[in-house]
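# Coordinate inspection notes
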Amino acid sequence: MPSDCVVCGARDSVLCAGCTKNLHRSTLKPFRAEEAAEALPLDLETNMVLPVVAAGLYKDGVSLTVLAFKNHQRFTLKKELGRSLARAVRTALEELDIGPQRTSSPVWVVPIPASAASLRKRGYWPVGELLKVASKSMSHSGGLNVRSILRVTSAAQSSHRGASARERRSRRGTMTLAPGLTVLKGQRVLLVDDVLTTGATLAQAHQVLRTAGFEVIGAAVLAATQNPR
């Protein structure tokens with residue numbers, strides 16, 4: 001069925017030509033966004049927060065397009081958004097994957113997982129779909145070594161009648177490693193998510209991976225909600 005542009009409302013196109021150009025322009029130059037996210041983890045050895053590269057700012061056409069893709073089943077938007085995410089991932093790998101291990105083994109690109117409830121509601125996993133497009137758009141350089149090794153545990157076990165509201169909140173959305181995963185100590189990882197707000201989700205993923213022995217070199221996101229400083 002015909003659909004109006006999710007940004008400007010133009011008829012018969014989910015994202016019109018003009019808004020597609022604006023999205024491309026808004027995500028053309030990825031930037032470092034970690035300073036504006038107060039919940040990102042701090043490396044006590046270097047006294048630096050986890051570096052994050054964002055393709056664009058979460059405002060105007062970028063935010064409207066992301067919301068339409070995530071929450072309003074505008075699945076075809078994954079093509080343009082995935083290409084934007086690819087620019088952030090490519091920049092992050094170029095800037096953050098440094099040191100003697102760079103040529104020894106490829107970085108694992110690890111997406112932030114979706115909860116079972118989110119998957120049921122949407123019918124698809126936004127970050128996972130965007131990464132498929134990003135990897136394909138980077139196929140000329142070998143693609144991406146995507147590893148979906150994180151899971152979000154169900155809150156069902158805490159929803160019984162005897163559990164307090166505080167207990168339910170504390171157990172909801174707990175991130176863990178995928179069962180049966182063989183951990184390679186020191187394996188370098190780049191986290192990927194769609195939107196950076198406070199950085200709390202990335203911090204949780206970072207903690208799980210670091211505790212297991214992975215080296216998290218940073219993160220790449222499609223958009224950041226606050227201006228870089």
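Just above sits the structure.
Notes on the structure follow. (Residues numbered from 1 in each chain as written. Predicted model: local features only at pLDDT ≥ 70, side-chain atom pairs only at ≥ 80, totals over all residues. Heavy atoms only, no water.)

## So, the environment of Thr-182
Structurally, the position occupied by Thr-182 is in the loop between strand 7 (175-177) and strand 8 (188-196). Judged by its relative accessible area of 57%, Thr-182 falls in the exposed class. (Helix = DSSP H or I, 4+ residues; strand = E, 2+ residues; numbered from the N terminus. Buried < 20%, exposed > 50% of the residue type's maximum accessible area, 1.4 Å probe, protein only.)

## Observations concerning the pattern of salt bridges
A full pass over the atoms with the stated rule returns seven salt bridges. Among the salt bridges present, the one from Lys-70 reaches Asp-194, with a minimum N-O distance of 3.0 Å. With a gap of 124 residues between them, Lys-70 in helix 2 (residues 60-71) and Asp-194 in strand 8 connect regions that are remote in the sequence. Among the residues examined, Lys-70 registers a relative accessible area of 19% and is labelled buried. For Arg-83, the salt bridge identified is with Glu-80, shortest N-O distance 3.5 Å. With Arg-83 and Glu-80 both in helix 3 (residues 78-96) and three residues apart, this pair spans about one turn of that helix. For Arg-83, a relative accessible area of 37% gives the class partly exposed. What you see here is one network of salt bridges that share partners, running through Arg-32, Glu-34 and Glu-95. (Salt bridge = Lys/Arg side-chain N within 4 Å of Asp/Glu carboxyl O.)

## Some remarks on the pairing of strand 9 (residues 215-224)
Residues in a regular strand point their side chains to alternate faces of the sheet. The element strand 9 is largely enclosed, with a buried count of nine among its ten residues. Taken together, the eight bridges between strand 8 and strand 9 define a ladder with parallel strand orientation. Each bridged residue has a counterpart across the sheet, and for Val-195 the counterpart in strand 9 is Ala-223. Between the parallel pair strand 8 and strand 9, the chain is carried across by helix 7 (residues 200-212), and the sense of this crossover is right-handed. (Pairing = 2+ DSSP bridges. Right-handed = clockwise from strand over helix to strand, strands pointing away.)

## Looking at a nonpolar patch on the surface
Among the surface-exposed residues, Leu-42, Leu-44 and Val-49 lie close enough to one another that they form a single nonpolar patch of about 290 Å² accessible area. Position of Leu-44 relative to the elements: it lies in the loop between strand 2 (42-43) and strand 3 (48-49). (Patch = residues over 30% accessible without salt bridge, like charges linked within 9 Å, V, L, I, M, F, W, Y side chains within 5 Å. Areas by Shrake-Rupley, 256 points an atom, 1.4 Å probe, with all protein chains shown as cover.)

## Quick notes on the packing of helix 3 against helix 5 (residues 126-137)
Their axes nearest at 7 Å, the elements helix 3 and helix 5 cross at an angle of 65°. Between helix 3 and helix 5, the interaxial angle falls into the category roughly perpendicular. Here helix 3 runs over helix 5; the crossing is right-handed. Contact with helix 3, carried on its side by Lys-78, Lys-79, Leu-81, Gly-82, Arg-83, Leu-85, Ala-86 and Arg-90, involves Glu-129, Leu-130, Leu-131, Val-133, Ala-134 and Ser-137 of helix 5 and no other residues of that element. When grouped by side-chain class, the residues that make up the contact of helix 3 with helix 5 number seven nonpolar, two polar and five charged. (Axes fitted to C-alpha atoms, helices over the stretch in contact; angles between N-to-C directions. Parallel < 35°, antiparallel > 145°, perpendicular 65-115°, else oblique. Left-handed = near helix turned anticlockwise from the far one by under 90°. Contact = heavy atoms within 4.5 Å. Nonpolar A, V, L, I, M, F, W, Y, C, P; charged D, E, K, R; others polar.)

## A few points about helix 1 (residues 17-26)
One turn of the α-helix equals 3.6 residues, which is why residues spaced by three or four share an orientation. Along helix 1, the residues that are buried comprise Cys-19, Thr-20 and Leu-23. Looking straight down helix 1, one finds that the buried residues subtend no more than 105° of arc, so they occupy a single side. Looking at helix 1, the residues exposed on the side facing more than 90 degrees away from the buried face are Ala-17, Lys-21 and Arg-25. For helix 1, the elements touching its buried residues are helix 2 and helix 3. (Arc of directions from axis to C-beta.)

## Focus: the sheet that holds strand 1 (residues 31-32)
In spatial order, the strands read 1-4-9-8-5; together these five strands make up an open sheet with mixed pairing. Looking at the sheet topology across the chains shown, the edges are occupied by strand 1 and strand 5 (108-111). One ladder, built from five bridges, connects strand 4 (residues 52-57) with strand 9; its direction is parallel. When the bridges of strand 9 are listed, Ala-54 appears paired with Val-221. Sheet strands in contact with helix 7 are strand 4, strand 8 and strand 9, and its direction is about 165° off that of strand 8.

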